[in-house]
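# Structural characterization, general
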Amino acid sequence: MLFGNSDEKRFVLGYDLGDKVSQISYLASDADMPETLSVLAGAELYNIPTVLCKRKDANQWYYGKEAVRHEQDGDACPVYNLVSAARDGKPVMVGDAEYDPIALLTLFIKRSLSLLSMELKLDKVEAIMFTTRSLDHRMVQVLNAVTSALELKTENIFYQSHEESFYNYMLYQPDELMHHEIIACDYDMEDLSVYEMALNHNTTPIVATIQVSSHSELRLGQGGFPKDAALFHKTCERLDDEFLNIMQKICSGKIVSTIFLLGEGYREKWPKRSLEFLCRTRRVFQGNNLFSKGATIAARERIRPSEGAARYVFLGQDKLKSNIGMNLLKCGNDVYHAILDAGVNWYEAHALLEVYADPSGILEFQITPLTGGKPRNVQMILEGLEKRPKGTSRLRISMTMNAVDEIYVKVQDLGFGELFPATNEVWEQVIDL
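Definitions and limits used
- Residues numbered from 1 in each chain as written.
- Predicted model: local features only at pLDDT ≥ 70, side-chain atom pairs only at ≥ 80, totals over all residues.
- Heavy atoms only, no water.
- Salt bridge = Lys/Arg side-chain N within 4 Å of Asp/Glu carboxyl O.
- Helix = DSSP H or I, 4+ residues; strand = E, 2+ residues; numbered from the N terminus.
- Buried < 20%, exposed > 50% of the residue type's maximum accessible area, 1.4 Å probe, protein only.
- Pairing = 2+ DSSP bridges.
- Axes fitted to C-alpha atoms, helices over the stretch in contact; angles between N-to-C directions.
- Expected span 1.5 Å × (residues − 1).
- Polar contact = N/O pair within 3.5 Å; in protein donor to acceptor, adjacent residues only side chain to side chain.
- Parallel < 35°, antiparallel > 145°, perpendicular 65-115°, else oblique.
- Left-handed = near helix turned anticlockwise from the far one by under 90°.
- Contact = heavy atoms within 4.5 Å.
- Nonpolar A, V, L, I, M, F, W, Y, C, P; charged D, E, K, R; others polar.
- Core = buried A, V, L, I, M, F, W, Y, C linked by side-chain atoms within 4.5 Å.

### Overview of the pattern of salt bridges
Applying the stated rule across the entire model yields 22 salt bridges. For E8, the salt bridge is made with K124, and the minimal N-O distance between the two is 3.1 Å. With E8 in the segment before β1 (11-16) and K124 in the loop between α3 (101-113) and β10 (125-132), the pair connects residues that are 116 residues apart, well separated along the chain. According to the relative accessible area criterion, E8 is partly exposed, its value standing at 39%. The residue E66 makes a salt bridge to R69 at a minimum N-O spacing of 3.9 Å. One end of the pair, E66, and the other, R69, are both in helix α1 (residues 64-73), 3 residues apart, so they sit about a helical turn from each other. Residues joined in a network through salt bridges with shared partners are K20, R133, D186, D188 and E190.

### Regarding the sheet that holds strand β18 (residues 322-330)
Strand-to-strand pairing in sheets goes through backbone hydrogen bonds, with the strands running parallel or antiparallel. Taken in spatial order, the 4 strands line up as β19-β18-β21-β22 in an open sheet, and their pairing is antiparallel. Single-partner strands in this sheet number two, and they are β19 (333-340) and β22 (376-381). Across the sheet, the mean angle from the axis of one strand to that of its neighbour is 35 degrees, orientation sign disregarded. In this structure, β18 lies alongside β19, joined through 7 bridges in antiparallel fashion. Considered in β19, the bridge of M326 is made with H337.

### Side note on α3
With 13 residues, α3 should cover 18 Å at 1.5 Å per step; its first-to-last C-alpha distance of 18 Å lies within 8% of that length. Every buried residue belonging to α3 is among P101, I102, L104, L105, T106, F108, I109, S112 and L113, and all of these are buried. The backbone nitrogen of I102 has a side-chain oxygen 3.1 Å away, supplied by the residue at the start of α3, namely D100.

### A word on helix α6 (residues 229-251)
Compared with the 33 Å implied by 1.5 Å per residue over 23 residues, the 32 Å span of α6 between its first and last C-alpha is a close match. Residues T235, C236, L239, D240, F243, L244, I246, M247, I250 and C251 constitute the buried set of α6. Once α6 ends, the next one or two residues include G253, with phi positive near 75 degrees.

### Topic: the packing of α3 against helix α4 (residues 137-150)
The contact between α3 and α4 brings their axes to 9 Å, and the two run at 60 degrees. In terms of axis orientation, α3 runs oblique to α4. Taken as a pair, α3 and α4 cross one another with a handedness that is right-handed. Every residue of α4 that contacts α3 at I102, L105, T106, I109 and K110 is listed here: V142, A145, V146, A149 and L150.

### Thoughts on the pairing of β1
Counting buried residues in β1 gives 6 out of 6 residues, a clear majority hidden from the surface. With burial as the criterion, each face of β1 is covered, one bearing F11, L13 and Y15 and the other bearing V12, G14 and D16. Of the strand pairs in this sheet, β1 and strand β2 (residues 21-28) are connected by 6 bridges, and their pairing is antiparallel. When the bridges of β2 are listed, F11 appears paired with A28. Hairpin remark: β1 followed by β2, antiparallel, with 4 residues in the connecting loop.

### Side note on unusual backbone geometry
It is generally the case that most residues other than glycine have a negative phi and that most peptide bonds are trans. At the junction of T204 and P205, the peptide bond is cis and its omega measures out at -5 degrees in the coordinates. Relative to the helices and strands, P205 is located in the loop between β13 (192-200) and β14 (206-215). The phi torsion at E151 lies on the positive side, around 55 degrees, for a residue other than glycine. Taking relative accessible area as the criterion, E151 reaches 68% and is therefore assigned exposed.

### A word on the packing of helix α5 (residues 162-171) against helix α8 (residues 290-303)
In contact at an axis separation of 7 Å, α5 and α8 are set at 70 degrees when each is read in the N-to-C sense. Comparing their axes, α8 and α5 come out roughly perpendicular. For the pair α5 and α8, contact is made by H162, S165, F166, N168 and Y169 and by L290, F291, K293, G294, A295, I297 and A298, respectively. For the contact of α5 with α8, a count of residues per class yields 7 nonpolar, 4 polar and 1 charged.

### Side note on the sheet that holds β13
As summarised here, the arrangement of the 6 strands in space is β16-β15-β12-β13-β14-β17, forming an open sheet in which the pairing is mixed. This sheet does not close on itself; its edge strands, each paired only once, are β16 (283-287) and β17 (312-314). Averaged over all neighbouring strand pairs, the angle between strand axes comes to 20 degrees, with direction disregarded. As paired strands, strand β12 (residues 181-187) and strand β15 (residues 256-262) are joined by 6 bridges and run parallel to one another. The residue bridging I182 from the neighbouring strand is T258, located in β15. Where α6 meets the sheet, it contacts β12, β13, β14 and β15, and its direction lies at approximately 155 degrees from that of β12.

### Description of the nonpolar core
Counting residues in each nonpolar core, the largest one holds 67 residues, and the members touching the most others are I109, L363 and F365. In this structure I109 touches Y15, L17, F130, V146 and L150, once residues within four positions along its chain are discounted. M197, L199, A208 and L290 belong to the second largest nonpolar core, which has 24 residues in total.

Structure follows, in structure tokens:
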């Protein structure tokens with residue numbers, strides 16, 4: 001499957017950016033499934049510690065595993081929690097100097113992308129999807145600043161949350177895994193995040209939704225699993241009991257076909273009784289690169305949507321869950337005109353259209369939820385709109401979103417040529433969904 005006109009192999013990337021560890025997956029234009037970059041050739045070591053270290057005696061920076069090693073050697077000052085620091089936006093002290101947290105995160109991502117040089121050339125990358133655990137307005141600002149500073153060779157740069165990367169990963173899985181509910185359990189030895197994906201096969205396209213819950217019962221101390229054998233065994237039994245209890249509650253009354261166990265927390269193979277329970281009538285998979293692979297699949301789908309993906313629409317936490325439109329007069333007939341479609345990320349939703357104002361000075365928008373609510377009409381009254389003959393008041397309507405449940409509408413009077421010059425008056429309204 002080729003993206004461009006050239007026969008030359010091209011790539012898309014999925015970058016899973018986490019506060020503790022990050023991962024990079026890639027998908028070649030002639031391949032069906034993504035591969036994940038290993039930090040050690042020949043091994044399945046996918047996690048790049050999200051850490052920078054600056055030498056104490058020189059302006060030299062290290063990243064990832066090398067940064068961890070230099071910190072252990074004691075010859076460099078470490079910077080952890082790079083994502084959280086960038087979100088906070090406050091200067092970070094490294095040694096006796098202050099640094100911009102966005103610049104530090106940019107440096108880490110730039111250095112980590114250089115690992116790809118063993119597998120591919122960055123100028124052959126057609127799209128990059130960054131995925132993070134959650135994606136709110138501030139995280140979008142951070143990623144915009146970082147990707148702008150990176151000066152990447154492609155303009156196809158996208159962002160999405162882990163839940164959407166989970167959905168995209170499932171798009172490329174066998175159909176038999178998509179008949180019932182699918183669950184992903186991501187455990188990093190601190191929090192257990194459970195992603196429950198449900199599919200409504202009674203709609204066209206099939207609507208996929210994901211519910212995310214966080215559980216702190218499995219949290220370990222600062223050092224992780226105890227080194228002492230007796231304490232280790234006791235800790236494993238406690239985790240097994242807690243996890244079994246959580247999963248029994250989550251699976252109760254549902255038909256779950258597939259479960260994924262993700263993250264470093266499962267590496268010690270402690271699930272015993274809980275795994276026996278999960279494996280009854282369900283398929284269970286273990287791994288830790290699902291989100292970066294899902295982000296890679298999403299990058300491909302953005303620049304070349306597949307037929308299979310068209311069968312589904314994902315309505316996640318970041319998605320607009322209603323169709324927005326209005327009835328317009330075209331050739332004497334009342335015709336529905338779509339403005340924003342459900343399924344778009346709220347921070348990417350934008351529309352611009354020009355219409356002729358009704359003499360009443362009222363615009364009416366139709367909101368049709370895809371989640372089962374009743375359609376409704378919302379009016380916007382253009383107070384002070386200049387009185388003109390019908391069909392001579394041209395308006396420009398722009399629509400963006402302030403949040404997943406807030407639409408910002410801006411209307412500008414464009415007039416009608418020289419006959420009725422534009423007043424350029426502007427009306428604004430926020431529609432709550």
